[in-house]
Amino acid sequence: QPMIAPFWGDVDTRNRGGVETFENLAYWHVEAGRMVVTWHNVGYYNQKNDKLNRFQLVLMDRSDVVVGDFDVEFRMNRCEWTTGDASGGTNGLGGTPAQAGFDAGNQRDFYSLPESRTAEILQMCVRSNVDDPGVWRFQVRSGNITICGNNFREQGEACDDGNVDNNDGCDTECRLEIDTDNDGIYDGFDNCVETPNPDQADGDADGAGDVCDNCPDAANADQVDTDADGEGDVCDNCLTDANQDQADTDEDGLGDVCDNCAEVSNVDQADGDEDGDGDLCDACPADPLNDVDADGFCAADDNCPELANPDQADLDADTIGDVCDDDVDGDEVINDEDNCVTTPNPDQLDTDGDAQGDACDPDDDDDGITDDTDNCILTPNPNQQDLDRDGIGDICDDDIDGDDILNDDDNCPMTANPGQEDLDGDGLGDVCDDDDDGDGIPDGSDNCPGIPNPDQADGDGDGIGDACEDDVDGDGIADDEDNCVLDPNTDQLDTDEDGEGDACDDDDDNDGYLDDDDNCPTVAQDRLTDSDGDRVGNACDDDDDGDGIADVDDNCALIENPEQEDRDGDGRGDACDDDFDGDEVSDGLDNCPEVDNPDQLDTDGDGLGDACDDDIDDDGLTNDEERMLGSDPADPDTDDDGLTDGEEVRDHGTDPTLADTDGGGVDDGDEVGLGLDPGNSVDDATQLAAADEACACQTPARPSALWRYFARR
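Residues numbered from 1 in each chain as written. Predicted model: local features only at pLDDT ≥ 70, side-chain atom pairs only at ≥ 80, totals over all residues. Heavy atoms only, no water.

Draft legend 1. Seen up close, a negative patch on the surface. On the surface, Asp498, Glu500, Asp506, Asp516 and Asp517 cluster together into a negatively charged patch. Along the chain, aspartate 498 falls in the loop between β10 (144-146) and α1 (623-629). Overall, aspartate 498 belongs to the partly exposed group, its relative accessible area being 35%. (Patch = residues over 30% accessible without salt bridge, like charges linked within 9 Å, V, L, I, M, F, W, Y side chains within 5 Å. Areas by Shrake-Rupley, 256 points an atom, 1.4 Å probe, with all protein chains shown as cover. Salt bridge = Lys/Arg side-chain N within 4 Å of Asp/Glu carboxyl O. Lys, Arg positive; Asp, Glu negative; His and termini not counted. Charge placed at Lys NZ, Arg CZ, Asp CG, Glu CD. Helix = DSSP H or I, 4+ residues; strand = E, 2+ residues; numbered from the N terminus. Buried < 20%, exposed > 50% of the residue type's maximum accessible area, 1.4 Å probe, protein only.)

Okay, here's the thing in structure tokens:
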């Protein structure tokens, strides 16, 4: 198959031991028109790396000649082994050595370097076909390999003179050599290509012949001439400024056009302020602006470089002179807005509002007293009043009376009172309070100025108020031992033993009821019970019900019963006995509480038991009346004539024991219902006849009483 091989041998990269990380490896690089493959210090078969070879293959596209043409280059750099074990080698040598060359793969077109398959293959690192040790270059043109120097001009070669030497009209790559200046020296070797100089004189040996060297006396192979003035940089006294005449007035080696002190020699061109004027001829060597304002100060030293100020005045010491400082006093308020231009006052305080800041105003408060003598500089006080004479006027003194208590905290700000005594706690100190005890009586008239006593009570009339006397009530018992300080009580009686004598205790028995309201002020009670309403509570009344019978003897102590009736003889008076009649039915449930009736019989259901009901059938006649008339006291209609016994006797005058009192044949109740007289029998016959006729008829829509009567018959 087709092959291009710079070293066709038994390369083996498997053994990495003892070599650098990047060694015994093959690399490749591809870019437009070029490919490079590198075998970097590779070993040989079988996994041997005691000897190493390093070589490259470079393929270059030459479609610029004919499409499909290319150049091949072998670059041999390290040659130590020739043969691997597989080719009969021993320790990398002997056997069948490697070869180098080309093979088109058609068994016809191939080329093998003469050193191939011999020990001479190691010489590829020092030999060359282009006079460049280790480099072997070949051209492939139209599919054919051209070999320069074989004295046969092949396709792609401009010439072939049988050698690979230069400067003989045909160069090492078989290209024609040119002699532009026709001086017999081909351009590739001519040190002045465009200027004839067959002697090739080069005094400074810089490769540029003297006739075309821009610095013939100074070596400058690059011939650089930055300013293009015909003088090479190495001999030009002004590298960047064209000066063909090379004038140098001060002979310091620098041309006048680039010398920062053209008339004063200064080889070092020192220019500290970088203003273009050398220090030796610069009036202000450290100042690039020099003295712009002509005030005698270099700009670097001038605190106003653009405004003349020979005095260099700088009030705020900010290094900016006053004449150009927009904030002369440095208070961060610009001059045009500063109410004290030359006196720092960032707060711009102007107490009196006169547009002159306090910092520079001789009378800040505008009270006519200058600040140096004013005891209140910021508060107008033309009278200069100073109560405590501390040099601070009262109007601005936070301790007017000088008692070390600030006015806002001082209960007498105008009168010294460091103790702040305030007996009555009214916020006004005693020294300035005309009523120390706050009892509404001025101290001058108060019989106890230190103890509140608005009533000015003076029980013993000694001019000393009781509130401040040690025996206010004059009972011979000192106040600190008296259980009623204001009320004489020599006996010191204290019923409830609460430490407050009865004479002054408004609740002697401590039962929660004030004595004025308590109906037993010396006997504790839960409720103010007074059964007999005599204003003496039951708790202390020996006759609670006021019936003249002492409670200990009274069979009803809480209910008045002077007769002491006890009908059931149970020792509990009837007035308070809850079973008055002793029938074992409590009075609250007994329908005859005063009459024994355990069966609670109530015939007429009126809630009143028969035992105590005088009309047990509720027919309008008393039981006694019914007995006299012969009617049944327990039946409201004894004769069943439709009228109660009471209605018959009281309303109609009929006999309650006879159903038809007049004997006319119609019951009393029916007669009343028909509007007849139950005591007259005559009208009964008339009605009976009408009734017989009515009976032959059908039942009327609205039956009359008579019809109903006969229907019943």
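Draft legend 2. Spotlight on the packing of aromatic side chains. Applying the stated criterion across every chain, the model contains 9 aromatic pairs. Look at phenylalanine 7 and tryptophan 81: their rings are 5.4 Å apart centre to centre, the planes differ by 85°, and that puts the pair in the edge-to-face class. In this pair, phenylalanine 7 is assigned in strand β1 (residues 3-8) and tryptophan 81 in the loop between β6 (70-78) and β7 (99-103), connecting sequence segments 74 residues apart. Taking 5.7 Å as the distance between ring centres and 20° as the angle between the ring planes, the aromatic pair formed by phenylalanine 74 and phenylalanine 102 counts as stacked. With phenylalanine 74 in strand β6 and phenylalanine 102 in strand β7, this pair connects stretches of sequence that are 28 residues apart. (Phe/Tyr/Trp six-rings, centres within 6.5 Å; stacked < 30°, edge-to-face > 60°.)

Draft legend 3. Structural view of a nonpolar patch on the surface. Taken together, Trp28, Val30 and Met35 make up a surface patch of nonpolar side chains, about 360 Å² in accessible area. Classification of methionine 35 as partly exposed rests on a relative accessible area of 33%.

Draft legend 4. Representation of the nonpolar core. Counting residues in hydrophobic clusters, the biggest one holds 20 residues, and the most contacted among them are Phe74 and Met76. Counting only elements with at least two residues in this core, the list comes to β4 (34-44), β5 (48-61), β6, β7 and β9 (135-141). Among all residues touching methionine 76, those that are not within four sequence positions of it are Pro6, Phe7, Arg54, Phe55, Met124, Cys125, Gly134 and Trp136. (Core = buried A, V, L, I, M, F, W, Y, C linked by side-chain atoms within 4.5 Å. Contact = heavy atoms within 4.5 Å.)

Draft legend 5. Looking closely at the pattern of salt bridges. In this structure the tally under the stated criterion is 14 salt bridges. Of the charged contacts, one joins glutamate 80 and arginine 78 as a salt bridge, the two residues approaching to 2.9 Å between their closest N and O atoms. On the basis of relative accessibility, which here comes to 25%, the residue arginine 78 falls in the partly exposed class. Taking the shortest distance from any N to any O, the salt bridge between arginine 627 and aspartate 624 comes out at 2.9 Å. Separated by 3 residues within a single helix, arginine 627 and aspartate 624 lie in helix α1, roughly one turn from each other. Residues joined in a network through salt bridges with shared partners are Arg62, Asp64, Asp71 and Arg141.

Draft legend 6. Inspection of unusual backbone geometry at higher detail. Cis geometry is found at the peptide bond from tyrosine 45 to asparagine 46, where omega equals 15°. Note on placement: asparagine 46 falls in the loop between β4 and β5. Here glutamine 312, not a glycine, exhibits a phi torsion of approximately 55°, which is positive. Using a relative accessible area of 16% as the deciding quantity, one classes glutamine 312 as buried. Phi angles above zero are rare outside glycine, and arginine 389 is one such case at about 55°. Within the secondary structure, arginine 389 sits in the loop between β10 and α1.

Draft legend 7. Looking closely at the sheet that holds β1. One open sheet accounts for 3 strands, arranged β1-β7-β8; its pairing is antiparallel. The two strands at the open ends of the sheet, each matched to only one other strand, are β1 and β8 (110-112). Between one strand and the next, the sheet's axes are offset by a mean angle of 10°, whatever the strand orientation. (Pairing = 2+ DSSP bridges. Axes fitted to C-alpha atoms, helices over the stretch in contact; angles between N-to-C directions.)

Draft legend 8. Examining the state of the cysteines more closely. Within this structure, the stated rule accounts for 16 disulfides. Paired by a disulfide, cysteine 340 and cysteine 360 hold their sulfur atoms 1.9 Å apart. Sign of the S-S torsion, about -90° for the bond between cysteine 340 and cysteine 360, identifies this disulfide as left-handed. Of this pair, cysteine 340 sits in the loop between β10 and α1 while cysteine 360 sits in the loop between β10 and α1, and the two are 20 residues apart along the sequence. On the accessibility criterion, cysteine 340 (2% relative accessible area) is buried. The class for cysteine 360 is partly exposed, based on a relative accessible area of 27%. Each disulfide pairs two cysteine sulfurs, and for cysteine 484 the partner residue is cysteine 504, the sulfurs being separated by 1.9 Å. Across the disulfide from cysteine 484 to cysteine 504, rotation about the S-S bond amounts to roughly -90°, and the bridge is consequently left-handed. One end of the pair, cysteine 484, is in the loop between β10 and α1; the other, cysteine 504, is in the loop between β10 and α1, with 20 residues separating them in the sequence. For cysteine 484, a relative accessible area of 0% translates into the label buried. (Disulfide = S-S within 2.5 Å.)

Draft legend 9. Region of the structure containing the pairing of β5. Here 8 bridges tie β4 to β5, and the two strands are oriented antiparallel to one another. From the neighbouring strand, tryptophan 39 faces β5, where its bridge partner is phenylalanine 55. Two strands pair when backbone bridges link them, and β5 and β6 are joined in this way by 8 bridges, in the antiparallel orientation. Across the sheet, the residue bridging to valine 58 is glutamate 73, located in β6.

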